[in-house]
Amino acid sequence: MTDSKYFTTTKKGEIFELKAELNSDKKEKKKEAVKKVIASMTVGKDVSALFPDVVNCMQTDNLELKKLVYLYLMNYAKSQPDMAIMAVNTFVKDCEDPNPLIRALAVRTMGCIRVDKITEYLCEPLRKCLKDEDPYVRKTAAVCVAKLHDINAQLVEDQGFLDTLKDLISDSNPMVVANAVAALSEIAESHPSSNLLDLNPQSINKLLTALNECTEWGQIFILDCLANYTPKDDREAQSICERVTPRLSHANSAVVLSAVKVLMKFMEMLSKDLDYYGTLLKKLAPPLVTLLSAEPELQYVALRNINLIVQKRPEILKHEMKVFFVKYNDPIYVKLEKLDIMIRLASQANIAQVLAELKEYATEVDVDFVRKAVRAIGRCAIKVEQSAERCVSTLLDLIQTKVNYVVQEAIVVIKDIFRKYPNKYESVIATLCENLDSLDEPEARAAMIWIVGEYAERIDNADELLESFLEGFHDESTQVQLQLLTAIVKLFLKKPTETQELVQQVLSLATQDSDNPDLRDRGYIYWRLLSTDPVAAKEVVLAEKPLISEETDLIEPTLLDELICYIGTLASVYHKPPSAFVEGGRGVVHKSLPPRTASSESTESPETAPAGAPSGEQPDVIPTQGDLLGDLLNLDLGPPVGGPPLTTSSVQMGAVDLLGGGLDSLMGDEPEGIGGPNFVAPPAATVPPNLGTSMGSGLSDLFDLTSGVGTLSGSYVAPKAVWLPAMKAKGLEISGTFTRQVGSISMDLQLTNKALQVMTDFAIQFNRNSFGLAPAAPLQVHAPLSPNQTVEISLPLNTVGSVMKMEPLNNLQVAVKNNIDVFYFSTLYPLHILFVEDGKMDRQMFLATWKDIPNENEAQFQIRDCSLNAEAVSSRLQSSNIFTVAKRNVEGQDMLYQSLKLTNGIWVLAELRIQPGNPSFTLSLKCRAPEVSQHVYQAYETILKN
């Protein structure tokens, strides 16, 4: 007897049984068999062996059976492409079936079979279905074009399907219109350069007509498409807003948010004096409030969007404070978000009820929530001055509870209150000192040390308190160590005789016994300052600090404008632009709000001006406290806080004010006094050689007179703008612009005296900036400036100054001094003044560099409404030092390949695509420092449009 019996069996197996059933004559049996096949496929069994048998079942009139077979086909076509071709004939036949449901089913399945071999066979049936008499088939075919484009874009373009899709926008059926818009938007997103959705007032009108009648998802597609349109004037914007407003009352929250996005965008173009503007503001509040009655997850998304809306236009929800009060059963993520919005909406009118709420929240059980509530009380004090006293007493009550984490948060926010209202609430310091031993978190310890150092002269035992912290110096976090070093130096400058040993001890701990470079650097700077020039040390360390501003966490205005264009998408939940989290974007197009029309420029009242919004034409980039020179040596904790424009009380820029009277004492003989002659200098070996020279000698060549000279080039010069209005500078008005001529950069200033007294002794100084711009000579006003007199001055600049990355990159902070005071202002310089004359790269180098720079560093932009041809563009850009390396013509498009070089040696490579007769150009930029690209694009726009 052999063992072969183990290898033979009468059971044919499951696949064999299914095969037999699929080939059965009975329809019911066939249908059951296909259902079994689909079931096996769903649970992950491989039933691809049955492909030919299942495909044979397609020849049926039974709609249910056909759907099942198509489902199987979609799943296995990719692994069996040769077999899938067998099904092509059936598709072609089904696309001409009298039943529209079968025609639509066939075209839908065709789009889902991602097999290259089959696609060309499907073009004919798809063309017929796009022109089918049944709208259901047309709307399905429209989506199929987008799917086909994803598989083979060239085929779709060659077959003319895109033009057919554009025609469908004028279809009589709203659902067909919506799907055509969705398909075109999808295709346009993957090809930002193609101008597929070429919207004009006529097509917008058709979309708005379809909007009222299509399904909710159709409405979303149309609204998102409308949001990408820029109306030609405020009347058109108003007309679109009127027709979109009814969508605000839709039951689907996605439709509501898409409508809000369109309205927020077009409101930019409406004048604030219009009655309609006020009406629109009132209409926007109820739908946003309604979103907050949905389930928690939807509430969270709504709140993240409302957070953006409130930053842009706080007036929309200023009367709706109560809906943001926290409910006991809200999840923590909703609570924290509501708290954030409450503070943004806090004003003098509602502060009482807000504080009452926050005090309640501070007694909750959820630790994170309580911490944020305590912090919120402090933020209210800083934001609404009238409530500061009430807030401080509320914080003191909370400190009395002795709950550890409440006490620590309270101390952190009281530090900020001291910075906002100096010499007002210092009476509470004694209470704070009682809680010194309970502080164990770095931020709270650092805040307490700052308070002790800042007010050392009012605290009798300040030296003992700081000494107690010094005992465990090396176990502290860096934040605490830095703060302790600064506090002890402040204490020494205020009480030199009693604290000599203490300051020697901390300087030696910070420099000789520490591995942290920040701590060592700060220690050496203090040591050198104290040993060479105690007067300067006092001016630097005890300089008057700028007041902190009310909103520390506002989104930067240009980013906020971009995020408003993405309301209702993931970007509005993350509060980041899509380019920050979408991988593999084929050139992200940055969206921005439409420019205000001339009629809509109106002055905003302080109550309604959105916090952080730029005012007027010239963006007023307020120097943040982190950027001011003063904080080089007195770093505060936490994120940089945006400071208000500096008032006359804070004329010092923190560091020894190179413009003020402090200069004389610096240049003169070294006085003995604090520290005196006994002060021990730091060990010679460890001091960097450049710190060895006296501080005075470093100042003598403050104005470096060298500046680069190159070939004659006349780059575009913007008209002068008012940088410092007279009302902010005691009657001195400064207007200006920047120019680049013959390789030299200059700042062309116009000074006007609108005061009643004569102005003299002018001087100018720049803060550190991204490209090291600095005056190359003193500011020379040869005669006193009499009242109502104007003088024009050209100040030469160079790029050898100190460098610090600014936000935005081209921000320049300037201090101007005269016999009356020191005044500060900020301006944005156009980047093209930094394009150097030797910026032409040779072709081989260009090609190699373009390939070498990674693709993720490429950014793509649209330059619209430019009617120049390629020659004119090339010569105009060359006059501003943007050089054309090569030019070629591809399929009727002119392609210019260009290079430019910045003063700091950064190269930027560009490809400019110009279609004759089309006023929109496509600009692709590649650069090793991608943050420069946005500003280079703005330079292109400025040069080509002026």
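Coordinates for the structure precede this section.
Each chain carries its own residue numbering, running from 1 in the written order of its sequence. Reporting of local features is limited, given that this is a predicted model, to residues whose pLDDT is at least 70; pairs of side-chain atoms are given and counted only at 80 or more, and all residues count toward the totals for whole chains, interfaces and linings. Think of the side-chain values as coming from all heavy atoms in the structure, minus any hydrogens and water.

A. Just the overall build of the chain, in detail. In DSSP terms, a helix is any run of H or I states spanning at least four residues, a strand is any run of E spanning at least two, and both are numbered starting from the N terminus. From N to C terminus, the chain includes 37 helices and 13 strands. Any residue under 20% of the maximum accessible area for its type is buried, any over 50% is exposed, and the rest in between are partly exposed; the area is computed with a 1.4 Å probe on protein chains only. Classification of the 946 residues of the chain by burial places 52% in the buried group. Between two residues, a contact is recorded if the distance between any of their heavy atoms is within 4.5 Å. Sequence-distant contacts, at least 24 apart, represent 69% of the contacts inside the chain between residues at least 6 apart. Entry remark: accessible area of the chain is about 42700 Å², with carbon and sulfur atoms responsible for 52%. Calculation of accessible area relied on Shrake-Rupley with a 1.4 Å probe; when residues are assessed, cover is drawn exclusively from the protein chains displayed.

B. Examining the environment of Asn-305 more closely. Mapping Asn-305 onto the fold places it in helix H18 (residues 296-312). Sequence-wise, Asn-305 and Ile-564 are 259 residues apart; in three dimensions their C-alpha atoms are separated by 8.5 Å. Ignoring any residue separated from it by four or fewer positions in sequence, one finds Asn-305 in contact with Leu-257, Ile-567, Gly-568 and Ser-572.

C. Quick look at the state of the cysteines. The disulfide criterion used throughout: a pair of cysteine sulfur atoms within 2.5 Å. For the coordinates displayed, the defined rule picks out zero disulfides. Lacking any disulfide linkage, Cys-112 is separated from the closest cysteine sulfur, that of Cys-144, by 7.7 Å. Free of any disulfide, Cys-380 has its nearest cysteine sulfur in Cys-391, 5.7 Å distant. For Cys-380, a relative accessible area of 0% translates into the label buried.

D. Main features of the sheet that holds strand E6 (residues 790-798). Here five strands make up an open sheet; going across it, the order is E1-E2-E3-E6-E5 and the pairing antiparallel. A single partner strand is all that each edge strand has here, and the edge strands are strand E1 (721-724) and strand E5 (774-775). Should DSSP find at least two bridges between two strands, the strands are regarded as paired. Relative to strand E3 (residues 744-753), strand E2 (residues 732-741) runs antiparallel, the two sharing ten bridges. Of the residues in E3, the one forming a bridge with Gly-736 is Leu-749.

E. Here's a closer look at the sheet that holds strand E8 (residues 822-828). Read from one edge to the other, the open sheet built from three strands follows the order E4-E7-E8, with strand pairing classed as antiparallel. Looking along the sheet, the strands with just one partner apiece sit at the ends: strand E4 (763-766) and E8. Within this sheet the neighbouring strands show an average axis-to-axis angle of 25°, counted without direction. Direction of pairing for strand E7 (residues 811-817) relative to E8: antiparallel, over a ladder of seven bridges. The residue of E8 that forms the bridge with Gln-813 is Ser-826. Each axis is a line fitted through C-alpha atoms, and for a helix only the stretch in contact is used; angles between axes span 0 to 180 degrees, taken between their N-to-C directions.

F. Local environment of the packing of aromatic side chains. Put simply, two rings from Phe, Tyr or Trp (the six-membered ring, in Trp's case) pair if the centres are within 6.5 Å, and we call them stacked under 30 degrees between planes, edge-to-face over 60, tilted for the rest. In this structure the tally under the stated criterion is 13 aromatic pairs. Taking 5.3 Å as the distance between ring centres and 80° as the angle between the ring planes, the aromatic pair formed by Phe-418 and Tyr-455 counts as edge-to-face. You can see Phe-418 sitting in helix H23 (residues 404-420) and its partner Tyr-455 sitting in the loop between helix H25 (442-454) and helix H26 (462-470), a full 37 residues away along the chain. Relative to Phe-738, the ring of Trp-723 lies with its centre 5.2 Å away and its plane at 35°, an arrangement referred to as tilted. Pair noted here: Trp-723 is in strand E1 and Phe-738 is in strand E2, with a separation of 15 residues, a long-range link.

G. Main features of the pairing of E2. In terms of burial, E2 is largely enclosed, as nine of its ten residues are buried. In the sheet, E1 pairs with E2 via three bridges, with the strands oriented antiparallel. Residue pairing in the sheet places Leu-724 in a bridge with Ile-734 of E2. Connecting E2 to the antiparallel partner E3 that follows it, the hairpin turn spans two residues, and Val-742 within it adopts a positive phi of roughly 50°.

H. The arrangement of the nonpolar core in detail. We call a set of buried residues a nonpolar core when its members are Ala, Val, Leu, Ile, Met, Phe, Trp, Tyr or Cys and they connect through side-chain atoms within 4.5 Å of each other. Counting residues in each nonpolar core, the largest one holds 217 residues, and the members touching the most others are Tyr-72, Leu-126, Val-244 and Phe-418. In this view, Leu-126 contacts Val-107, Met-110, Ala-141, Cys-144, Val-145, Leu-148 and Phe-161; residues no more than four positions away in its chain are not counted.

I. Seen up close, the pattern of salt bridges. Counted as salt bridges are all cases of a side-chain nitrogen of Lys or Arg within 4 Å of a carboxyl oxygen of Asp or Glu. The tally for this structure, following the rule as stated, stands at 35 salt bridges. The closest approach of N and O atoms between Glu-268 and Arg-313, which form a salt bridge, is 2.8 Å. Linking Glu-268 in the loop between helix H16 (253-267) and helix H17 (275-291) with Arg-313 in the loop between H18 and helix H19 (332-345), this pair joins segments that are 45 residues apart in sequence. Here Glu-268 and Arg-313 have matching classes, each one buried. Shared partners join several salt bridges into a network, and the residues in it are Arg-371, Arg-375, Glu-409, Glu-441 and Glu-443.

J. Region of the structure containing helix H14 (residues 216-227). Here a helix's expected span is defined as the number of its residues, less one, multiplied by 1.5 Å. Between its terminal C-alpha atoms H14 stretches 16 Å, which fits the 16 Å expected from twelve residues at 1.5 Å a residue. Packing partners of the buried residues in H14 comprise helix H12 (174-190), helix H13 (201-211), helix H15 (234-244) and H16.

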